[in-house]
Amino acid sequence: MLRSHSLWITGLLLLSSQALSQPVVADDRQWLQPREFTNYSWNDVNEICPSGPCDGTLPGSRYDLTGCTWASSGEVAGLMQAYIRQPSFGPAPDRYTELDSAWARAFQDDFDITWLDAGDTCVQGMTRDAHNGKVGYGALLCENQLINPDRAVLYEGSADSARQRSHSVGQWFVCPVDLDVPQNAVFELSLEEPVDGAVHSGIGNIRGWAIAEDGIERVVILIDDVKTMEIPFGGERQDVADAFPYPLQALRSGFSMAFGYSNLSPGPHTITAIAMSKSGETRTSSSTFTVASFHTPYIEPFEGPDLDAARVEVSVNANDEIELFDVAIDGRRYDMTLKWRAYSQRFEIIDIRQLSGSP
């Protein structure tokens, strides 16, 4: 079992490091690699390929599928027959077995594997067939170390609307031989905090995510157009990985660090994140925000706040805001507004008003 787990991890590392897969011309058609379309459910693909013909791009995909077709199990059977050169392999769930077959090695030379462990090296892809809650899958399993013979298989699986999280299941797409399928390199950057148009105070975060097909070299932060720091990169972001099945390094696409907003002057500011890919390309994402602050950027523990004379009210205009009145801090008195921030799961001070008569 330990050996199997180790090879399984090796397989996923191999798949994650591969470059863009090239289509294969076989059976007088152009077949896209199933490996390029993992982590999609049957329902995901049906959104842009109803009844087979496709119009558009899957979220996070590198291919515009317009002009291609989501293949049926019968079409996948025809593809396999082109390698097996036997007419007996049909469109229904079926199996063709031949020990030490030449066709299995030839197929795997053309099509990238989607699964590798101690038991199987496989090419798997979901088809558009849907009958009684089942969908057809096409798969070819080569050099199986557990049961020995090479085999080609058509089988059925659940038409679950949940996203297929296994890297082993892709999708079968077939296109005309003369169709130039557009391939777009993925390079995306999102600065999520500070929130554009929001008010920030005290110590908060600078955070977001970046992905590039050839990998992210670094992310740099500019404050008011002045380079300030290189931000730590590589935090886990499952939500980004779900939205961008490729590139696979999207799981480690987060950047984040604590930041003292109170060190900035009160009023409007701009933060810009610049992501550089390993090939030298760049993307930028900016946020304009406002800083609310007290008379000093840091309140010492002995300086307050003193709430003895303070009172609190829930805002009548917004049920996610709290008003604090007459709060004493370092000999000064303030009114302030706190607002609930869903992204940080806390209340944050968004307005600070020093009362007249305070030093």
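From a predicted model like this one, the values you see are computed outputs, not experimental measurements. (Residues numbered from 1 in each chain as written. Predicted model: local features only at pLDDT ≥ 70, side-chain atom pairs only at ≥ 80, totals over all residues. Heavy atoms only, no water.)

A. Local environment of the packing of helix 3 (residues 73-84) against helix 4 (residues 102-110). In the contact formed by helix 3 and helix 4, the axes pass within 8 Å of each other and the chain directions differ by 120°. The pairing of helix 3 with helix 4 is recorded here as oblique in orientation. Contact residues: helix 3 offers Leu79, Tyr83 and Ile84, while helix 4 offers Trp103, Ala106, Phe107 and Asp110. Broken down by class, the residue content of the contact of helix 3 with helix 4 amounts to six nonpolar, no polar and one charged. (Axes fitted to C-alpha atoms, helices over the stretch in contact; angles between N-to-C directions. Helix = DSSP H or I, 4+ residues; strand = E, 2+ residues; numbered from the N terminus. Parallel < 35°, antiparallel > 145°, perpendicular 65-115°, else oblique. Contact = heavy atoms within 4.5 Å. Nonpolar A, V, L, I, M, F, W, Y, C, P; charged D, E, K, R; others polar.)

B. Examining the confidence of the model for the protein more closely. Residues at a pLDDT of 70 or more form 79% of the protein, whose mean pLDDT is 80. Here residues 1-18 is modelled with pLDDT under 50, and outside its nearest four sequence neighbours on either side it reaches 22 contacts, counting other chains as well. (pLDDT = per-residue confidence, 0-100.)

C. A look at the sheet that holds strand 18 (residues 267-277). In space, the five strands of this open sheet follow the order 12-19-18-14-15, with mixed pairing throughout. Of all the strands in the sheet, just strand 12 (199-200) and strand 15 (226-230) have a single pairing partner and so form its edges. Direction of pairing for strand 18 relative to strand 19 (residues 282-291): antiparallel, over a ladder of ten bridges. Each bridged residue has a counterpart across the sheet, and for Ala273 the counterpart in strand 19 is Ser285. (Pairing = 2+ DSSP bridges.)

D. Examining the sheet that holds strand 2 (residues 29-31) more closely. Taking strand neighbours across the sheet as the criterion, the four strands line up as 1-2-10-3 in an open arrangement whose pairing is antiparallel. Two strands close off the open sheet at either side, each with one partner strand: strand 1 (24-26) and strand 3 (69-70). The strands that helix 3 touches are strand 1, strand 2, strand 3 and strand 10 (173-175); relative to strand 2, the one it contacts most, it runs at about 100°.

E. Spotlight on helix 4. Listed as buried for helix 4 are Trp103, Ala104 and Phe107. Buried residues along helix 4 cover an arc of 100° about the axis, so they all sit on one side. Looking at helix 4, the residues exposed on the side facing more than 90 degrees away from the buried face are Ala102 and Asp109. (Buried < 20%, exposed > 50% of the residue type's maximum accessible area, 1.4 Å probe, protein only. Arc of directions from axis to C-beta.)

F. Fine view of unusual backbone geometry. Looking along the chain, the bond that leaves Glu193 and enters Pro194 is cis, with omega of 10°. Turning to its location among the elements, Pro194 is positioned in the loop between strand 11 (187-193) and strand 12. A positive phi angle is found at Asp27, which is not glycine, with a value near 55°. Structurally, Asp27 is set in the loop between strand 1 and strand 2. With phi around 60°, Asp28 is a residue other than glycine that occupies positive phi space. For Asp28, the location among the structural elements is in the loop between strand 1 and strand 2. On the basis of relative accessible area, Asp28 is assigned to the exposed category, the value being 74%.

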